[in-house]
Amino acid sequence: MRAFVHSIEDGIVRVLLGGDESVVVNLPAEWLPEGIREGQVLRVTWEADEKETEAARKSVDDLYAQLGDNP
């Protein structure tokens, strides 16, 4: 996915996402690569984390088990 760094102000980076840049996201600067500058184009990749997904499911299941018949 394409991301365009629109602006950086007070530690917040305004990023325009997608080929048409129609989605605007404000992110903490520390979430992006060091030295990022306005006008740069970033490549964003996503991947599923099955281990973390399973841990989250187990946590929810454990909470339901603790609640029993009294949710």
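Reading the values: the criteria
Residues numbered from 1 in each chain as written. Predicted model: local features only at pLDDT ≥ 70, side-chain atom pairs only at ≥ 80, totals over all residues. Heavy atoms only, no water. Pairing = 2+ DSSP bridges. Helix = DSSP H or I, 4+ residues; strand = E, 2+ residues; numbered from the N terminus. Axes fitted to C-alpha atoms, helices over the stretch in contact; angles between N-to-C directions. Core = buried A, V, L, I, M, F, W, Y, C linked by side-chain atoms within 4.5 Å. Buried < 20%, exposed > 50% of the residue type's maximum accessible area, 1.4 Å probe, protein only. Contact = heavy atoms within 4.5 Å. Patch = residues over 30% accessible without salt bridge, like charges linked within 9 Å, V, L, I, M, F, W, Y side chains within 5 Å. Areas by Shrake-Rupley, 256 points an atom, 1.4 Å probe, with all protein chains shown as cover. Salt bridge = Lys/Arg side-chain N within 4 Å of Asp/Glu carboxyl O.

Caption draft 1: Region of interest: the sheet that holds strand β2 (residues 12-17). Taken together, the 4 strands give an open sheet; going across it, the order is β3-β2-β1-β4, and neighbouring strands pair in antiparallel fashion. Looking at strand neighbours, the two that pair on one side only are β3 (23-28) and β4 (41-43), the edges of this open sheet. The mean inter-strand angle of the sheet, taken between neighbouring strand axes irrespective of direction, is 35°. The sheet contact formed by strand β1 (residues 2-9) and β2 spans 6 bridges and is antiparallel.

Caption draft 2: The arrangement of the pairing of β3 in detail. Of the pairings in the sheet, the one linking β2 to β3 comprises 6 bridges and is antiparallel in character. Across the sheet, Val 13 pairs through a bridge with Leu 27, a residue of β3. Hairpin connection, β2 to β3: the antiparallel pair is bridged by 5 residues, and Gly 18 has positive phi, about 90°.

Caption draft 3: Structural context of the pairing of β1. With 3 bridges joining them, β1 and β4 adopt antiparallel strand pairing. By the bridge assignment, Phe 4 is partnered in β4 with Val 41. Hairpin geometry of β1 and β2 is characterised by an intervening segment of 2 residues between the two adjacent antiparallel strands and by a positive phi of about 50° at Asp 10.

Caption draft 4: Layout of the nonpolar core. Counting 9 residues, the largest nonpolar core consists of Ala 3, Val 5, Val 13, Val 15, Leu 17, Leu 27, Leu 32, Ile 36 and Leu 42. When contributions to this core are tallied by element, the ones reaching two or more residues are β1 and β2. A total of 3 residues in this core trace back to one element, the largest contributor, which is β2. For Val 5, the contacting residues outside a window of four places in its chain are Val 13, Arg 14, Ile 36, Arg 37, Glu 38, Gly 39, Gln 40 and Leu 42.

Caption draft 5: Local environment of a nonpolar patch on the surface. A contiguous nonpolar surface patch, about 300 Å² in accessible area, is contributed by Val 60, Tyr 64 and Leu 67. Assignment of secondary structure puts Leu 67 in helix α1 (residues 50-67). Since its relative accessible area comes to 40%, Leu 67 is described here as partly exposed.

Caption draft 6: Looking closely at the environment of Val 5. As for its position among the elements, Val 5 is in strand β1. Given the relative accessible area of 0%, Val 5 is considered buried. Sequence spacing of Val 5 and Leu 17 is 12 residues, and the spatial spacing of their C-alpha atoms is 9.0 Å.

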